[in-house]
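# Chain and residue survey
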Amino acid sequence: MASAGADEAAAAAVAAHPRAAISHVIFDMDGLLLDTEGFYTEVQEKILARYGKVFDWSLKAKMMGKKAAESARIFVDECGLDGLLTPEQFLEERESMLQALFPSCTKLPGVLRLIHHLHANGIPMAVATGSHKRHFALKTQNHQEMFSLMHHVVMGDDPEVKAGKPSPDIFLAAMRRFEGNVEPSKCLVFEDAPSGVAAAKNAGMSAVMVPDPRLDVSYHKGADQVLSSLLDFKPTEWGLPPFNE
(Lines give C-alpha, C1' and ligand atoms only; values in the text may rest on other atoms or scores of the structure.)
Protein backbone atom coordinates (compact mmCIF):
# COMPACT_ATOMS: atom_id res chain seq x y z
CA MET A 1 0.00 0.00 0.00
CA ALA A 2 3.03 2.24 0.17
CA SER A 3 2.74 3.06 -3.54
CA ALA A 4 -0.92 4.08 -3.13
CA GLY A 5 0.11 6.40 -0.33
CA ALA A 6 2.84 7.87 -2.52
CA ASP A 7 0.32 8.43 -5.33
CA GLU A 8 -2.04 10.23 -2.95
CA ALA A 9 0.80 12.40 -1.68
CA ALA A 10 1.82 13.28 -5.23
CA ALA A 11 -1.76 14.17 -6.13
CA ALA A 12 -2.06 16.35 -3.03
CA ALA A 13 1.19 18.12 -3.95
CA VAL A 14 -0.09 18.85 -7.46
CA ALA A 15 -3.39 20.17 -6.07
CA ALA A 16 -1.51 22.42 -3.67
CA HIS A 17 0.73 23.75 -6.46
CA PRO A 18 -1.27 23.65 -9.72
CA ARG A 19 0.39 24.36 -13.07
CA ALA A 20 -1.59 27.61 -13.32
CA ALA A 21 -4.54 29.27 -11.59
CA ILE A 22 -7.13 28.93 -14.35
CA SER A 23 -10.42 30.84 -14.28
CA HIS A 24 -11.61 30.51 -17.92
CA VAL A 25 -11.50 27.69 -20.47
CA ILE A 26 -11.44 27.87 -24.29
CA PHE A 27 -12.02 24.81 -26.47
CA ASP A 28 -11.06 24.19 -30.06
CA MET A 29 -13.81 22.16 -31.76
CA ASP A 30 -12.69 19.95 -34.67
CA GLY A 31 -10.82 16.88 -33.45
CA LEU A 32 -11.14 18.06 -29.84
CA LEU A 33 -14.86 18.27 -29.02
CA LEU A 34 -16.26 16.72 -32.19
CA ASP A 35 -14.82 13.84 -34.19
CA THR A 36 -14.71 15.60 -37.57
CA GLU A 37 -11.03 15.33 -38.49
CA GLY A 38 -11.54 11.87 -39.95
CA PHE A 39 -13.97 13.34 -42.48
CA TYR A 40 -11.32 15.76 -43.74
CA THR A 41 -8.81 12.91 -44.05
CA GLU A 42 -11.29 10.67 -45.89
CA VAL A 43 -12.23 13.35 -48.41
CA GLN A 44 -8.66 14.51 -49.01
CA GLU A 45 -7.50 10.92 -49.54
CA LYS A 46 -10.18 10.49 -52.22
CA ILE A 47 -9.19 13.69 -54.01
CA LEU A 48 -5.48 12.82 -53.99
CA ALA A 49 -6.08 9.25 -55.17
CA ARG A 50 -7.23 10.62 -58.51
CA TYR A 51 -3.74 12.01 -59.04
CA GLY A 52 -2.00 8.82 -57.88
CA LYS A 53 -0.88 10.45 -54.64
CA VAL A 54 -1.25 9.50 -50.96
CA PHE A 55 -2.42 11.75 -48.14
CA ASP A 56 -0.16 11.29 -45.11
CA TRP A 57 -0.03 12.57 -41.56
CA SER A 58 2.92 14.92 -42.08
CA LEU A 59 0.73 16.85 -44.55
CA LYS A 60 -2.30 16.59 -42.26
CA ALA A 61 -0.29 18.12 -39.40
CA LYS A 62 0.59 21.14 -41.56
CA MET A 63 -3.06 21.69 -42.56
CA MET A 64 -4.75 21.14 -39.18
CA GLY A 65 -6.20 24.20 -37.50
CA LYS A 66 -5.47 26.53 -40.40
CA LYS A 67 -8.04 28.68 -42.17
CA ALA A 68 -9.56 26.93 -45.20
CA ALA A 69 -7.81 29.04 -47.85
CA GLU A 70 -4.42 28.54 -46.22
CA SER A 71 -4.84 24.78 -45.73
CA ALA A 72 -5.94 24.48 -49.38
CA ARG A 73 -2.81 26.26 -50.57
CA ILE A 74 -0.65 23.96 -48.43
CA PHE A 75 -2.47 20.92 -49.86
CA VAL A 76 -1.92 21.94 -53.48
CA ASP A 77 1.71 23.04 -52.97
CA GLU A 78 2.85 20.08 -50.86
CA CYS A 79 1.21 17.54 -53.18
CA GLY A 80 2.66 19.08 -56.34
CA LEU A 81 -0.76 19.75 -57.87
CA ASP A 82 0.05 23.15 -59.38
CA GLY A 83 -1.49 23.25 -62.85
CA LEU A 84 -3.72 20.28 -62.04
CA LEU A 85 -5.90 21.62 -59.23
CA THR A 86 -6.21 25.15 -57.82
CA PRO A 87 -6.74 25.75 -54.10
CA GLU A 88 -10.19 27.14 -54.97
CA GLN A 89 -11.15 24.02 -56.95
CA PHE A 90 -9.91 21.83 -54.11
CA LEU A 91 -12.05 23.70 -51.56
CA GLU A 92 -15.13 23.58 -53.78
CA GLU A 93 -14.84 19.83 -54.27
CA ARG A 94 -14.00 19.17 -50.62
CA GLU A 95 -16.93 21.32 -49.51
CA SER A 96 -19.54 19.34 -51.41
CA MET A 97 -18.20 16.06 -50.04
CA LEU A 98 -17.92 17.29 -46.44
CA GLN A 99 -21.41 18.76 -46.24
CA ALA A 100 -22.91 15.29 -46.47
CA LEU A 101 -20.65 13.97 -43.68
CA PHE A 102 -20.62 16.73 -41.03
CA PRO A 103 -24.10 16.19 -39.50
CA SER A 104 -23.12 12.64 -38.49
CA CYS A 105 -20.12 13.68 -36.37
CA THR A 106 -19.95 12.43 -32.78
CA LYS A 107 -18.56 13.81 -29.52
CA LEU A 108 -15.09 12.62 -28.51
CA PRO A 109 -14.47 10.71 -25.23
CA GLY A 110 -14.61 12.75 -22.02
CA VAL A 111 -16.05 15.87 -23.68
CA LEU A 112 -19.49 15.92 -22.06
CA ARG A 113 -18.14 14.94 -18.65
CA LEU A 114 -15.65 17.83 -18.63
CA ILE A 115 -18.02 20.46 -20.03
CA HIS A 116 -20.81 19.54 -17.61
CA HIS A 117 -18.33 19.58 -14.72
CA LEU A 118 -16.95 23.03 -15.59
CA HIS A 119 -20.44 24.43 -16.16
CA ALA A 120 -21.71 23.03 -12.85
CA ASN A 121 -18.80 24.74 -11.09
CA GLY A 122 -19.34 28.11 -12.75
CA ILE A 123 -16.19 28.07 -14.92
CA PRO A 124 -16.86 30.24 -18.01
CA MET A 125 -16.19 28.41 -21.27
CA ALA A 126 -15.96 29.41 -24.93
CA VAL A 127 -15.30 27.69 -28.25
CA ALA A 128 -12.72 29.09 -30.69
CA THR A 129 -12.98 27.24 -33.99
CA GLY A 130 -11.53 27.83 -37.42
CA SER A 131 -14.81 26.53 -38.86
CA HIS A 132 -16.96 29.10 -40.65
CA LYS A 133 -20.64 29.63 -39.75
CA ARG A 134 -22.02 27.30 -42.41
CA HIS A 135 -19.81 24.38 -41.39
CA PHE A 136 -20.30 25.12 -37.69
CA ALA A 137 -24.07 24.80 -38.12
CA LEU A 138 -23.74 21.45 -39.89
CA LYS A 139 -21.32 20.02 -37.35
CA THR A 140 -23.23 21.13 -34.26
CA GLN A 141 -26.83 20.54 -35.34
CA ASN A 142 -27.05 17.34 -33.26
CA HIS A 143 -25.05 18.73 -30.30
CA GLN A 144 -27.03 21.85 -29.38
CA GLU A 145 -27.24 21.06 -25.68
CA MET A 146 -23.45 20.91 -25.28
CA PHE A 147 -22.82 24.16 -27.13
CA SER A 148 -25.58 25.93 -25.19
CA LEU A 149 -23.35 25.63 -22.10
CA MET A 150 -20.70 27.86 -23.73
CA HIS A 151 -20.55 31.56 -22.87
CA HIS A 152 -19.86 32.26 -26.55
CA VAL A 153 -18.39 30.84 -29.76
CA VAL A 154 -15.82 32.54 -32.03
CA MET A 155 -15.58 31.20 -35.59
CA GLY A 156 -12.96 31.43 -38.30
CA ASP A 157 -14.92 33.97 -40.34
CA ASP A 158 -15.40 36.33 -37.38
CA PRO A 159 -14.28 39.89 -38.29
CA GLU A 160 -11.95 40.00 -35.26
CA VAL A 161 -10.03 36.96 -36.53
CA LYS A 162 -7.70 38.61 -39.04
CA ALA A 163 -5.28 35.69 -39.28
CA GLY A 164 -5.73 31.97 -38.66
CA LYS A 165 -3.84 29.81 -36.18
CA PRO A 166 -0.93 29.93 -35.20
CA SER A 167 -1.83 33.62 -34.96
CA PRO A 168 -3.35 34.27 -31.50
CA ASP A 169 -6.27 36.27 -32.97
CA ILE A 170 -9.05 33.75 -32.36
CA PHE A 171 -8.09 32.99 -28.76
CA LEU A 172 -7.64 36.66 -27.88
CA ALA A 173 -11.05 37.41 -29.43
CA ALA A 174 -12.57 34.60 -27.34
CA MET A 175 -10.92 35.94 -24.18
CA ARG A 176 -12.17 39.49 -24.75
CA ARG A 177 -15.78 38.32 -24.98
CA PHE A 178 -15.85 36.90 -21.49
CA GLU A 179 -17.31 39.21 -18.85
CA GLY A 180 -14.82 41.35 -16.93
CA ASN A 181 -11.15 41.83 -17.70
CA VAL A 182 -9.71 38.35 -18.15
CA GLU A 183 -5.94 37.88 -18.27
CA PRO A 184 -4.44 35.47 -20.84
CA SER A 185 -2.55 33.69 -18.06
CA LYS A 186 -5.90 32.73 -16.50
CA CYS A 187 -7.10 31.01 -19.68
CA LEU A 188 -6.63 27.32 -20.47
CA VAL A 189 -6.95 26.26 -24.11
CA PHE A 190 -7.74 22.70 -25.20
CA GLU A 191 -6.42 21.84 -28.66
CA ASP A 192 -5.61 18.87 -30.87
CA ALA A 193 -3.62 20.67 -33.59
CA PRO A 194 -0.01 21.90 -33.44
CA SER A 195 -0.99 25.25 -34.97
CA GLY A 196 -3.71 25.64 -32.34
CA VAL A 197 -1.29 24.97 -29.50
CA ALA A 198 1.07 27.57 -31.00
CA ALA A 199 -1.82 30.06 -31.25
CA ALA A 200 -2.69 29.55 -27.59
CA LYS A 201 0.91 30.02 -26.49
CA ASN A 202 1.25 33.10 -28.75
CA ALA A 203 -1.78 34.49 -26.93
CA GLY A 204 -0.04 34.01 -23.57
CA MET A 205 -2.34 31.19 -22.51
CA SER A 206 -1.76 27.65 -21.23
CA ALA A 207 -2.42 24.80 -23.65
CA VAL A 208 -3.51 21.21 -23.10
CA MET A 209 -3.06 19.13 -26.24
CA VAL A 210 -5.17 16.05 -27.02
CA PRO A 211 -3.58 14.94 -30.30
CA ASP A 212 -4.64 12.18 -32.63
CA PRO A 213 -2.42 9.17 -31.77
CA ARG A 214 -1.20 9.11 -35.40
CA LEU A 215 0.33 12.57 -35.06
CA ASP A 216 4.11 12.33 -34.68
CA VAL A 217 5.27 13.14 -31.15
CA SER A 218 7.57 15.85 -32.53
CA TYR A 219 4.42 17.96 -32.94
CA HIS A 220 3.64 17.76 -29.21
CA LYS A 221 6.31 20.26 -28.24
CA GLY A 222 4.96 23.59 -27.13
CA ALA A 223 1.99 22.16 -25.25
CA ASP A 224 1.98 22.53 -21.47
CA GLN A 225 0.37 19.11 -21.15
CA VAL A 226 -0.35 16.28 -23.61
CA LEU A 227 -3.22 13.85 -22.96
CA SER A 228 -4.41 10.83 -24.91
CA SER A 229 -8.04 11.72 -24.14
CA LEU A 230 -10.07 14.32 -22.24
CA LEU A 231 -10.93 11.44 -19.90
CA ASP A 232 -7.35 11.80 -18.58
CA PHE A 233 -7.70 15.50 -17.68
CA LYS A 234 -7.36 16.27 -13.96
CA PRO A 235 -8.89 19.69 -13.18
CA THR A 236 -7.01 20.09 -9.90
CA GLU A 237 -3.70 20.17 -11.78
CA TRP A 238 -4.87 23.52 -13.16
CA GLY A 239 -6.43 24.95 -10.01
CA LEU A 240 -9.93 23.94 -11.14
CA PRO A 241 -12.52 22.14 -8.97
CA PRO A 242 -12.05 18.36 -8.76
CA PHE A 243 -14.38 15.86 -10.40
CA ASN A 244 -16.95 14.50 -7.93
CA GLU A 245 -16.21 10.82 -8.42
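Each remark here, short or long, concerns the structure printed above.
Scope of this entry: the structure provided in the associated data block. If you're wondering where the values come from, they're calculated on a predicted model, not measured in any experiment. (Residues numbered from 1 in each chain as written. Predicted model: local features only at pLDDT ≥ 70, side-chain atom pairs only at ≥ 80, totals over all residues. Heavy atoms only, no water.)

For the protein, the count of helices and strands is 10 helices and six strands. The globule rule puts the C-alpha radius of gyration for 245 residues at 18 Å, and the 19 Å found for the protein is close to it. C-alpha extents for the protein along the principal axes are approximately 65 × 40 × 30 Å. Summing over all exposed atoms, the protein offers an accessible surface of approximately 11400 Å²; the carbon and sulfur share of this is 55%. Taking the average place of the 24 positive charges on the side chains of the protein and the average place of its 32 negative ones, the gap between the two points comes to 3 Å. (Helix = DSSP H or I, 4+ residues; strand = E, 2+ residues; numbered from the N terminus. Rg over C-alpha atoms; globule rule 2.2 N^0.38 Å. Areas by Shrake-Rupley, 256 points an atom, 1.4 Å probe, with all protein chains shown as cover. Lys, Arg positive; Asp, Glu negative; His and termini not counted. Charge placed at Lys NZ, Arg CZ, Asp CG, Glu CD.)

Considering all chains together, one arrives at seven aromatic pairs under this definition. Between F190 and F233 the ring centres are 5.0 Å apart and the planes differ by 80°, which places this aromatic pair in the edge-to-face class. Remark: F233 occurs in the segment after strand 6 (225–226) and F190 occurs in strand 4 (residues 187–191); sequence separation between them is 43 residues. Taking relative accessible area as the criterion, F233 reaches 2% and is therefore assigned buried. Each member of the aromatic cluster is reached from another via a ring pair, and the members are F27, F190 and F233. Positioned over the ring face of W57 is K60, at 5.6 Å from the centre of the ring. Over the ring of F102 we find K139, and its NZ or CZ is 4.6 Å from the ring centre. (Phe/Tyr/Trp six-rings, centres within 6.5 Å; stacked < 30°, edge-to-face > 60°. Buried < 20%, exposed > 50% of the residue type's maximum accessible area, 1.4 Å probe, protein only. Lys NZ or Arg CZ within 6 Å of the ring centre and 35° of its normal.)

Moving on to the sheet that holds strand 6. In a beta sheet, neighbouring strands pair by backbone hydrogen bonds and run either parallel or antiparallel. The six strands are arranged 3-2-1-4-5-6 in an open sheet whose pairing can be described as parallel. The outermost strands of the open sheet, each flanked by one partner alone, are strand 3 (152–155) and strand 6. Strand direction decides the pairing type here: strand 1 (residues 24–27) and strand 2 (residues 125–129), joined by three bridges, are parallel. Of the residues in strand 2, the one forming a bridge with V25 is M125. (Pairing = 2+ DSSP bridges.)

What follows is about the pairing of strand 2. Of all five residues in strand 2, five are buried; the element is thus mostly enclosed. Judged by which residues are buried, strand 2 turns out to be covered on both faces: M125, V127 and T129 on one side and A126 and A128 on the other are all buried. Sheet analysis places strand 2 next to strand 3, joined by four bridges and oriented parallel. The partner of A126 across the bridge, within strand 3, is H152.

Glancing now at helix 4 (residues 68–78). By the burial criterion, the buried members of helix 4 are S71, A72, I74, F75 and V76. Once helix 4 finishes, G80 follows within two positions and takes phi at roughly 65°, a positive value.

Before going further, it helps to examine the side chain of K165. Relative to the assigned elements, K165 resides in the loop between strand 3 and helix 9 (169–176). A polar contact of 3.1 Å, which involves the side chain of K165, links it to the side chain of D28. Here K165 is in contact with D28, G65, K66, A128, I170, F171, E191, S195, G196 and A199, once residues within four sequence places are set aside. (Polar contact = N/O pair within 3.5 Å; in protein donor to acceptor, adjacent residues only side chain to side chain. Contact = heavy atoms within 4.5 Å.)

Here we come to the pattern of salt bridges. Tallied over the full model, the rule gives 14 salt bridges. The shortest N-O distance in the salt bridge between E95 and R134 comes to 2.7 Å. Note that E95 is positioned in helix 5 (residues 87–101) and R134 in helix 7 (residues 133–140), a separation of 39 residues in sequence. Overall, the relative accessible area of 16% leaves E95 in the buried class. E160 is the salt-bridge partner of R177, the closest N and O atoms lying 3.1 Å from each other. Taken together, the residues span a long stretch of sequence, with R177 in the loop between helix 9 and strand 4 and E160 in the loop between strand 3 and helix 9 at a distance of 17 residues. Salt bridges linked by common partners bring D158, E160, R176 and R177 together as one network. (Salt bridge = Lys/Arg side-chain N within 4 Å of Asp/Glu carboxyl O.)

Purely geometric numbers; function is a separate question.
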